[in-house]
Amino acid sequence: MSEKDRLPAKRRFMERLYVPLQSITQREDDSVDHLLAVLVGCCGLNYYAGTSELDVDRIARLAMQAITKEH
């Protein structure tokens, strides 16, 4: 991404995704970071594997574990 586009993209990301997720989870720690990592990782793996089917239940469990930090 070009330097010119980086700051506006970061601003949009924070306003449209990160802050709303943080508000929903009502947590001040790094739970949102973990949640986003789970979602990006799960979708990215399927994308690069060439599959379009997502195990939604598993992704939801992983996301909840990321938020609550349960194992």
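All residue numbers refer to positions counted from 1 along the written sequence of the respective chain. With the structure being a predicted model, the display of local features is reserved for residues of pLDDT at least 70 and the display and counting of side-chain atom pairs for 80 or more, all residues being used for whole-chain, interface and lining totals. Calculated side-chain values reflect all of the structure's heavy atoms, with hydrogen atoms and water omitted.

With that settled, the discussion passes to the overall build of the protein. Think of it this way: any DSSP run of H or I at least four residues long counts as a helix, any run of E at least two long counts as a strand, and we number them from the N terminus. Across its full length, the protein carries 3 helices and 0 strands. In sequence order, the secondary structure elements of the protein are arranged as α-α-α. A compact globule built from 71 residues should have a C-alpha radius of gyration of about 11 Å, whereas the protein, at 14 Å, is more than 25% larger. Across its three principal axes, the protein shows a C-alpha extent of roughly 35 × 35 × 15 Å. Throughout, the radius of gyration refers to the C-alpha atoms, and the reference size of a globule is 2.2 Å times the residue count to the power 0.38.

Turning next to helix α2 (residues 31-49). Relative to the 27 Å expected for 19 residues at 1.5 Å per residue, α2 spans 27 Å between its end C-alpha atoms, a close match to the ideal helical length. Here a residue-residue contact requires only that any non-hydrogen atoms of the pair lie within 4.5 Å. Close packing links the buried residues of α2 with α1 (3-25) and α3 (56-68). Of the residues one or two after α2, G50 is the one with positive phi, at around 80 degrees. Take the residue count of a helix, subtract one, and multiply by 1.5 Å to get its expected span.

None of this, on its own, says anything about what the molecule does.
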